[in-house]
Amino acid sequence: MPDKKIRVLIAKPGLDGHDRGAKVIARALRDAGMEVIYTGLRQTPQMIASAALQEDVDVIGLSILSGAHNTLCARLMDLLRAQKMDDVTVLIGGIIPEQDIAELKKIGIAEVFLPGTTTQAIVDFIRQRVAQASAASQPHRSAE
Amino acid sequence: MTDEKARKVSAAAPPVHASPPPFASPRKPSPAEIGWEESTLKPALANSPDRLADFTTVSSYPVRRMYTDADLVGWSPERELGLPGQLPYTRGIHPLMYRERLWTMRQFAGFGSADDTNRRFRYLLSQGQTGLSVAFDLPTLMGYDSDDPLSEGEVGKCGVAISSLADMEALFDQIPLADVTTSMTINSPAAPIWAMYLAVAEKQGADWRKISGTLQNDILKEYIAQKEYIYPPGPSLRLVTDTIEFGAKYTPKFNPISISGYHIREAGSTAIQELAFTLRDGIEYVENCLRRGLAIDDFAPRLSFFFNAHNDFFEEIAKYRAARRLWQSVMRERFGAKNPRSWALRFHAQTAGCSLTAQQPYNNVARTAIQALAAVMGGTQSLHTNSLDEAWALPTESAATIALRTQQIIAYESGVTNTADPLGGSYFVETLTGETERGARDYIAKIDALGGMVAAIEHGFPQREIADAAYRFQVAVDRGEKIIVGVNDYVVDEKPIETLHINDSVARTQTDRLRKLRSERSNDEVARRLDSLRRAAAGEENLMPHLFETVKAYATLGEICDALRQPFGVYQEVAIT
């Protein structure tokens, strides 16, 4: 039975319109065999949470270069929790000062990818995470 | 004029150029060169072959192992090169270039509140920068007040928060607009922001006929690359034309537009695409102004341009030279401009932000220096150099100072300012200039064939070209075909550097200020002005006088941009990945 394709939502939260990174990642993930939905620009955390739910994604990739990451991520993680989407992996890429990374991880961001990250590193991370999540949620099988 | 009519006018315009670039002859090696290939090159290659399979520019344009007279067969110095300050302006737009006057050292700055930025402005001026350049925050860029729900988390983070004339007054406190030139990087709300600037100038007693500066105000590149659009193309172009028309009449020394390639390049385009899309945007603006009934020589001298200064030294120099040569041909042949000041392309350059690394940030000082040098050797009129912490945050004061010093070192210590167009006549640079010009003309012809730039944008053409180029570049980097020092080679473990941190107290201060403003102004007057603006926007009159009165009543930027959303509508892009 073929593996279910990993579903990824690539989102641009907030007012920032710099979408080069988001688009490159979207294409790279598609090339790596994932199902990618790109939200387009200027999404509120509410819009992203709704899209993630509707599209039943495994991963949300946020692209933020505006410095608004703390506010936007906190908002989004609250909404995802309210929607009981704790099993969704949330990643962020962009311009994130080193000192903010620990706090972002504390609120549930799985990884922060800084400028210079290769697309392969992101592909590998996602595959690994989704595999882990899938293994963790497998029902215990008795011998057949 | 309806969109349909406008498109017909565009399609009826003559094809790109009456006289295509004359020289594109195939390479013709001389007997001496052929001899050299046998006696010198072949044994050298046999001994140790090329380091790489391909040698290409940053834009992946192939570069030959050397350039000789063989590459310039048919090239004429009179036709292709000319002399400085003379057609075709390849060598620069002034006869003396930097011997007469250095480029303006104009560092882009802005963060937090107007007071914070005012302090940074006065610091940079005290350190020898010769012009101001304002960076606005995202809410301001998108026409939202600091206290708008959509502004949450964003106030003052990417630039200065300006929500009203009161903020603009604070921004230029102790800065005489009569004596200092200011560039403002603002696009969708350029017209109301400019109205605020003009109001500050009036308050200070500065003569509008003498004040100088630049408004970026280039909406087409927003749809293509930077994506800071509010309204659809039609109404947005009307606003741009309004500002150009108003400027031509009232502020003859002010550049009402900075037709930009910087952002197109940052989005991942090649150098040729950057040049082509920028100049084609320029063509579109000129056509709009002509349709308005303006005479070409009345406004064309004040069109200004803005290019990227990226890593590949010679590719960039060739690009600036090709830009000047191409634009004079557009002005003269396509539009029949008669004033030499309409022919001469003036530009500001900024070193490439996208090339700077988060890893080993001090390396960025070297990158910025090389890029700045290219801009100077390419004849720029104005220059911003990025700070070493570009990939981490807005610049600290010390990082911003090093960036400024980089320009000063080039100006006073490197010797490149002693002569105009130092690389003129170089086999390599002249060949590359010609190839860049040809490549740009091809793209311009393609866009003409699509029905113009607005049509091309609706087709997704420039956006797709840019996305493809960006992706190709990333693939090359990921494969190690393009080396980025510190990122995919020469990688080390490192500790983070100190960076500028902007906290949310700015948002709270702005919210208080706005509350105070709304309670102290005449809200009746504001309502009257906004109403008048809305009605004028639904018609065809120039909106600048309305905007001027509206900002003076202390209507906020958000209120103004919102009032315009009704008659103009909003733009939704179809995302191309």
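Going by the structure above, here's the rest.
Structural notes, computed from the coordinates. Sequence order as written defines the numbering, with residues in each chain counted from 1. As they are written, the chains are lettered A onward and the ligands numbered 1 onward, keeping that order. Side-chain atom pairs in this predicted model are given and counted only at pLDDT of 80 or more, local residue features only at pLDDT of at least 70, and totals for whole chains, interfaces and linings cover all residues.

### A short note on the overall build of chain B
Note the threshold: Each helix is a run of DSSP H or I of at least 4 residues and each strand a run of E of at least 2, with the numbering of both proceeding from the N terminus. Both definitions apply: the radius of gyration is a C-alpha atom measure, and the globule rule equals 2.2 Å times residues to the power 0.38. The exposure label follows from counting other C-beta atoms within 10 Å of a residue's C-beta, where the C-beta atoms are placed from the backbone and the thresholds are 20 or more for buried and 12 or fewer for exposed, leaving partly exposed in between. In this description, any two residues whose backbone-derived C-beta atoms lie within 7 Å of each other are considered to be in contact.
What chain B contains, in helices and strands, is 23 helices and nine strands. For 577 residues, the compact-globule estimate of 2.2 N^0.38 gives 25 Å, and chain B sits close to it at 24 Å. Its C-alpha atoms give chain B principal-axis dimensions of about 85 × 60 × 45 Å. Across the 577 residues in chain B, those meeting the buried criterion constitute 52%. Partitioning the contacts of chain B with sequence separation of at least 6, the portion at a separation of at least 24 is 78%.

### Section: the overall build of chain A
Helix and strand counts for chain A come out as five helices and five strands. Ordered by position from the N terminus, the helices and strands of chain A form the series β-α-β-α-β-α-β-α-β-α. Overall, the C-alpha framework of chain A stretches about 55 × 30 × 30 Å when taken along its three principal axes. For chain A, the residues scored as buried account for 47% of the 144 residues in total. Considering only contacts within chain A whose residues lie at least 6 apart along the sequence, 76% involve residues at least 24 apart.

### What about unusual backbone geometry?
Residue B:P88 is reached from B:L87 by a cis peptide bond, and omega for that bond is -5 degrees. Among the secondary structure elements, B:P88 is positioned in the loop between α3 (77–81) and β1 (104–109). Phi is positive for A:D56, close to 50 degrees, though the residue is something other than glycine. Mapped onto the fold, A:D56 is located in the loop between α2 (45–55) and β3 (59–64).

### Structural notes on the environment of B:H501
Note that B:H501 resides in the loop between α19 (461–478) and α20 (505–520). According to the C-beta neighbour criterion, B:H501 is exposed, with 12 such atoms within 10 Å.

### Concerning the environment of B:V58
Residue and element names in this part refer to chain B. Turning to its location among the elements, V58 is positioned in the loop between α2 (31–47) and α3. It is 7.0 Å that separates the C-alpha atoms of V58 and N311, two residues lying 253 residues apart in sequence. Ignoring sequence-local partners within four residues, the contact set of V58 consists of H310, N311, D312 and E315.

### Let's talk about the sheet that holds β3(A)
Residues and elements named next belong to chain A. To keep things clear, this is the line we draw: Two strands are counted as paired when DSSP detects at least two bridges linking them. The angle between two axes is taken between their N-to-C directions and runs from 0 to 180 degrees, where each axis is a line fitted to C-alpha atoms and a helix contributes only its stretch in contact.
Taken together, the five strands give an open sheet; going across it, the order is β2-β1-β3-β4-β5, and neighbouring strands pair in parallel fashion. Of all the strands in the sheet, the pair left with one neighbour each is β2 (35–38) and β5 (111–113). Sheet twist, expressed as the mean angle between neighbouring strand axes with direction ignored, is 20 degrees. Two strands pair when backbone bridges link them, and strand β4 (residues 89–94) and β5 are joined in this way by three bridges, in the parallel orientation. Bridging from a neighbouring strand, I92 pairs with V112 of β5. The sheet strands contacting α2 are β1 (7–11), β2 and β3, and the helix crosses β1 at an angle near 165 degrees.

### A few points about the packing of helix α1 (residues 20–31) of chain A against helix α5 (residues 119–137) of chain A
When two helices pack together, their arrangement is given by the angle between the helix axes and the distance between those axes. All names here are of chain A. To keep it simple, the criterion reads: Each angle gets one of four labels, with under 35 degrees taken as roughly parallel, over 145 as roughly antiparallel, 65 to 115 as roughly perpendicular, and the rest as oblique. A crossing counts as left-handed when the near helix is turned anticlockwise from the far one by less than a right angle, and as right-handed when that turn is clockwise.
Where α1 meets α5, the axes come as close as 10 Å, and the angle between the chain directions of the two elements is 60 degrees. One way to sum up the angle between α1 and α5 is to call them oblique. Judged by the twist between their axes, the crossing of α1 over α5 is right-handed. Side by side, α1 and α5 meet where I25, A28 and L29 of the first sit next to T119, I122 and V123 of the second.

### A look at the interface of chain B and chain A
For clarity, the cut-off: Side-chain classes are defined by residue name, with Ala, Val, Leu, Ile, Met, Phe, Trp, Tyr, Cys and Pro counting as nonpolar, Asp, Glu, Lys and Arg as charged, and the others, Gly among them, as polar.
The interface is formed by 32 residues belonging to chain B together with 28 residues belonging to chain A. Every element with two or more residues in the side of chain B that touches chain A is listed here: α5 (138–141) and α19 of chain B. For the side of chain B that touches chain A, the class distribution of residues is 17 nonpolar, eight polar and seven charged.

### Some words on the nonpolar core
Using the following cut-off: What makes a nonpolar core is a set of buried Ala, Val, Leu, Ile, Met, Phe, Trp, Tyr and Cys residues, with links drawn between C-beta atoms within 7 Å.
In terms of nonpolar packing, the biggest core is built from 188 residues, with A:I60 and B:L279 touching the most fellow members. In this structure B:L279 touches B:A323, B:L326, B:W327, B:V330, B:A440 and B:I444, once residues within four positions along its chain are discounted.

### Structural notes on the sheet that holds strand β4 (residues 213–215) of chain B
Strands belonging to one sheet form pairs held by backbone hydrogen bonds; the direction of such a pair is parallel or antiparallel. Residues and elements named next belong to chain B. Sheet architecture is open: nine strands sit in the order β5-β4-β3-β2-β1-β9-β8-β7-β6, paired in parallel fashion. If you trace the sheet from one side to the other, it starts and ends with β5 (254–255) and β6 (257–260), each paired once. Pairing of strand β3 (residues 182–185) with β4, which is carried by three bridges, proceeds in the parallel orientation. Its bridge partner lying in β4, M184 is registered against L215.

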